[in-house]
Amino acid sequence: MSAGLAAELREELAALRADGALKEMREIASPQGPEVRFADGGEAICLCSNDYLGLAADPAVVAAAAAGLRDYGAGTASVRFICGLFTPHAELERDLAAFLGTERAVTYTSCWNANQALLDTLCDERTWVLSDELNHASIIDGIRLARPGGKAIYAHADAGSLEAELDRVPADARCLVVTDGVFSMEGDLAPLPEIVALCEARGATLIVDDSHGLGVLGPTGRGTAEHFGLADRVDITTGTLGKTLGGAAGGFVAAGAEVCSILEQRSRAQLFSNGLPQSVACGARAALAALRDDPGRLRRLRANVARFRAGVSAAGLEPLDGESAIVPIIVGETRDAIAMSDSLLERGVFAIGFGYPVVPEGTARVRAQMSAALGDEQVDRAVAAFAAVAEERGLA
Ligand SMILES: Cc1ncc(COP(=O)(O)O)c(C=O)c1O
């Protein structure tokens, strides 16, 4: 690397540090779980993983992944269409499709890849994509990469704004509307009843990324569409295996047979990149079985969300409203969010502060995420830490 580039990067890092916006990575020496142990000593209640149902270190999930490793080896050593499609992939895809009520599902090594692959494959020069302004970065980048004939960004969770953009779409366009089910930084939900009605009226195809809704929302944990009673009216669902479904890695597209078949045939992440390691598919399948067969986890998660929200509200904090397991507390500037996160950690609570560019400038926040693995005592300890930090920082 040239000395000039290294000097420029050092300057950029120094500016981040001077701004109080440098992210410190904390090395964890234990499994993911309700409490984690750091490599440099110390333990904390973990409120920043996406392990919503507490399945990342669940013995049945770990045993299934270990059996997959033993039975199928370390990985596929091939892309899917050459010799990279194994029985664990086929079984997981069948289970995902059955769970979500779609004809088929196709797995990827991440939901980032799944979103990019889907958008890239479905877009051509006569395609229009309409996207919520707060959609996940993988959707934003996916649209950029796909270069559709037309695109529009509608105001966050605003069906009126979507309708206005739909009015601009040419009648003969292939129209895709894409939204997160649960927005990861806000914890709020897409207004699916209005969006579904608009898509059906205009003949648009609706894509919902339900990475934070799956295993969290809906009477049986099938996600945001089930929450609204619309499980059979979303055309294409994408999701991650890296959150509720075992937390390892991987993503999927669940949809009709034509969509999944064309993805297999055409999507570049499928054609030029290895399949999901078989052990990961086995672990995710066991996690999906736990979600399907053990409704107690979902009840526990919801009880924890209610307990935490009530606790921090009673302490004078005002978390953003929402029905998901994400509870964001806005503090304003990035440096304040990072400082609050540091103070929480000193009190044994691990909750990350997010600032620009992850969230819009001036809306930096500490985001707490609940898990079914947390016990009442841990939730209460976390609330007490938030209350103490809020008082100390004059937030309550
Ligand atoms: C809404 C949403 N979509 C996609 C992703 C990407 O998932 P993965 O980690 O499987 O690439 C995330 C992860 O942060 C997400 O929150």
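Residues numbered from 1 in each chain as written. Predicted model: local features only at pLDDT ≥ 70, side-chain atom pairs only at ≥ 80, totals over all residues. Heavy atoms only, no water.

Caption draft 1: Region of the structure containing the domain arrangement of the protein chain. Splitting the protein chain by domain gives domain 1 (20-49 + 295-392) and domain 2 (59-293). Taken over C-alpha atoms, the centre of domain 1 sits 27 Å from the centre of domain 2. Facing 19 residues of domain 1, the contacting portion of domain 2 comprises 18 residues. A buried area of about 1,400 Å², summed over both sides, lies between domain 1 and domain 2, and 58% of it is on carbon and sulfur atoms. In this assembly, domain 1 and domain 2 are joined by 1 salt bridge. For Arg-365, the salt bridge is made with Glu-186, and the minimal N-O distance between the two is 2.7 Å. The interface formed by domain 1 and domain 2 holds 6 residue pairs in polar contact (both at pLDDT 80 or more) in total. The set of elements that each furnish at least two residues to the side of domain 1 that touches domain 2 consists of helix 13 (295-314), strand 10 (326-332) and strand 13 (364-369). Tallying contributions element by element places helix 13 first for the side of domain 1 that touches domain 2, with 5 residues. (Domains from an automatic or database assignment. Contact = heavy atoms within 4.5 Å. Buried area = accessible area lost by both parts, 1.4 Å probe. Salt bridge = Lys/Arg side-chain N within 4 Å of Asp/Glu carboxyl O. Polar contact = N/O pair within 3.5 Å; in protein donor to acceptor, adjacent residues only side chain to side chain. Helix = DSSP H or I, 4+ residues; strand = E, 2+ residues; numbered from the N terminus.)

Caption draft 2: Here's a closer look at the site of the ligand. The full set close to the ligand counts 14 residues, and Cys-111, Asp-209, His-212, Thr-240 and Lys-243 are the nearest of them. Taking Cys-111, its main chain carries an N or O atom lying 2.8 Å from an oxygen atom of the ligand. Note that an oxygen atom of the ligand is positioned 3.0 Å from one of the backbone N or O atoms of Trp-112. Look at the ligand: alone it shows 390 Å² of surface, and the protein chains cover 80% of it. (Near = heavy atom within 4 Å. Areas by Shrake-Rupley, 256 points an atom, 1.4 Å probe, with all protein chains shown as cover.)

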